Amino acid sequence: MRTAHKRFLLILTLCFAVTLLPMFLLNLALVNATLGNTDKVALASAWQQQTKGVTYAPTLSDTHLFKTLRLDDRLPEIDTVVMGSSTALAITADMFPGRKVYNYAQTGHGLTSVLDEANYLLAHAPQIKTLVIPLDWSIGFVYEYAPPNPIDLSRAANTLPRAPQQVPWLSRAADALSYPRMAGLMEMLKASAHTPDPLQTFSGYFRDDGGAVYTCSDGAPAKDYDIVHRGTCTGFRYDGSATFASSSRVSDAHALIAAATASNSKYYQNLSSRKGVPDAALLQRLAEFAERARAQDVEVLLFMPPLLPNMEQEFSRHRELGPYLRTTQNGLHAWADAQHLFLFDAGRSEDFGCDSNEFLDEHHAASSCYAKIYTALWRAYPNRKD
């Protein structure tokens, strides 16, 4: 029996060495060339500034440097900045009639970090007259406080000579074994096989700074500086919004909503950990910022991002979570009224005509949903110019 077990393990090891190991090593080489590579981020930013096309800079999980370089380039020509986390990434400039907009939202960006950046803009960008800030309860940002952390968003501060960011080996290995990386490698192999010189084409992925320029379905030029999602027009548009082109849409909303209300979900934990009470110190920070903005004739537009249709309604009916959610909503609206701030609640996306196939997951809406929401927002906006 032991001999049989040893034989099985040997065969398994050989199979891994012949199949998965070479793919892992190839992906690891690609990961080493992209993760923490600030040079490629700078190249992607420069290409987009020149062409106004769609680009993917490594990586979408850490977008601060790319977005900051792009903001610096766009500042002379804009008057409105959309801030926030990935829940706001689908907001496009054409949703703001009469305004010149850049979407500076970034992946995993909490409200405290947003306030740090908004303070910088208030002090150094007098041409900015509107700041759009989301108040996210679903991912917990309205319950989290951190003291002010002065930052510098200037190009000079973000392009100082620096060593490539050191990414831990385990993180690189996990990324190399991830499904998107493996799928991307297979696409590279298939694409290379259909060229006159497959070896030369395949090796080019490892040598070149970015892929070839191609055209998206809307006619926009595109160029990718990472292997993941190459050729799919995934990444950022010139206005800073994300295309989410390679992301699938929700197909079973009922299952996602049921999981969201389960006691082990992040939504459940975010609401219940503070019993729905927004952090008082955080709201005080935001109020003080809004007062400074008002003194400089800068309007602060607040909104609560859309959630998967019927998700918030299900939370409202929940025996435990319902009262917590109402505490959050009532608290934020009462606070906004007291501060004379406009707060638009888009949480029940179904009220604006959004469908589940316009969502990537429970709390990421696509641009088509946001277009409906902002049409309604401007109808309700007290400072709109008719």
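As shown above, the structure is provided for reference.
Please read these numbers as outputs of a predicted model, since none were measured by experiment.

A.B. asks: Explanation requested: the environment of Gly 210 in the structure shown.
C.D. replies: Looking at the element boundaries, Gly 210 is found in the loop between helix H9 (198–207) and strand E5 (214–215). Judged by relative accessible area, Gly 210 falls into the buried class, the value being 14%. In sequence terms Gly 210 and Tyr 225 are 15 residues apart; their C-alpha atoms lie 4.2 Å from each other. Dropping the residues within four chain positions of it, Gly 210 is found in contact with Lys 223, Asp 224, Tyr 225 and Arg 230.

A.B. asks: Explanation requested: the state of the cysteines in the structure shown.
C.D. replies: Joining two cysteines, a disulfide is a covalent bond between their sulfur atoms. Per the counting criterion, the structure on display carries two disulfides. A disulfide bridge connects Cys 216 with Cys 233, and the sulfur atoms are separated by 2.0 Å. Note on the Cys 216 and Cys 233 pair: the S-S dihedral is about -110 degrees, so by sign convention the disulfide is left-handed. Note that Cys 216 is positioned in the loop between E5 and strand E6 (221–224) and Cys 233 in the loop between E6 and helix H10 (253–260), a separation of 17 residues in sequence. Both residues of the pair, Cys 216 and Cys 233, belong to the buried class.

A.B. asks: Can you help me understand the sheet that holds E5 in this one?
C.D. replies: Within a beta sheet, neighbouring strands are joined by backbone hydrogen bonds and run either parallel or antiparallel to one another. Across the sheet, three strands lie side by side as E1-E6-E5; this open sheet has mixed pairing. For this open sheet the edge positions go to strand E1 (54–56) and E5, each flanked by a neighbour on one side alone. The pairing of E5 with E6 spans two bridges and is classified as antiparallel. Note that in E6 the partner of Tyr 214 across the bridge is Ala 222. Where helix H3 (residues 38–51) meets the sheet, its contacts fall on E1 and E6, and the angle it forms with E1 comes to roughly 175 degrees.

A.B. asks: Explanation requested: the pattern of salt bridges in the structure shown.
C.D. replies: Here the structure, examined in full by the defined rule, presents eleven salt bridges. Each member of the salt-bridge network shares a partner with another, and the members are Arg 70, Asp 72, Asp 73 and Arg 155.

A.B. asks: Can you help me understand the sheet that holds strand E7 (residues 299–304) in this one?
C.D. replies: Reading across from one edge, E3-E2-E4-E7-E8 is the order of the five strands in this open sheet, with parallel pairing throughout. Strands with a single pairing partner mark the edges of an open sheet, and in this sheet they are strand E3 (101–103) and strand E8 (342–345). Pairwise comparison of adjacent strand axes, ignoring direction, gives a mean angle of 20 degrees for this sheet. Taken together, the five bridges between strand E4 (residues 130–134) and E7 define a ladder with parallel strand orientation. Each residue of the ladder has a partner; that of Ile 133, found in E7, is Leu 302. The strands that helix H4 (residues 64–74) touches are strand E2 (80–82) and E3; relative to E3, the one it contacts most, it runs at about 170 degrees.

A.B. asks: Just checking my understanding: could you explain the packing of aromatic side chains for this structure?
C.D. replies: For any two aromatic rings, the description comes down to two numbers: the centre-to-centre distance and the angle of the planes. All told, the structure shown has twelve aromatic pairs when counted by the stated rule. Taken together, a centroid distance of 6.2 Å and an interplanar angle of 45 degrees make the contact between Tyr 370 and Tyr 374 tilted. Of this pair, Tyr 370 and Tyr 374 both sit in helix H15 (residues 367–380), four residues apart, which is roughly one turn of the helix. For the residue pair Tyr 370 and Tyr 374, the accessibility class agrees, reading buried in each case. Through pairs of rings, three or more aromatic residues link up here, namely Phe 96, Phe 303, Phe 342, Phe 344, Phe 352, Tyr 370, Tyr 374, Trp 378 and Tyr 381. We note Lys 67 situated over the ring of Phe 236; from NZ or CZ to the ring centre the distance is 4.7 Å.

Rules and cut-offs
Residues numbered from 1 in each chain as written. Predicted model: local features only at pLDDT ≥ 70, side-chain atom pairs only at ≥ 80, totals over all residues. Heavy atoms only, no water. Helix = DSSP H or I, 4+ residues; strand = E, 2+ residues; numbered from the N terminus. Buried < 20%, exposed > 50% of the residue type's maximum accessible area, 1.4 Å probe, protein only. Contact = heavy atoms within 4.5 Å. Disulfide = S-S within 2.5 Å. Pairing = 2+ DSSP bridges. Axes fitted to C-alpha atoms, helices over the stretch in contact; angles between N-to-C directions. Salt bridge = Lys/Arg side-chain N within 4 Å of Asp/Glu carboxyl O. Phe/Tyr/Trp six-rings, centres within 6.5 Å; stacked < 30°, edge-to-face > 60°. Lys NZ or Arg CZ within 6 Å of the ring centre and 35° of its normal.

Worth remembering: the numbers are spatial, not functional.
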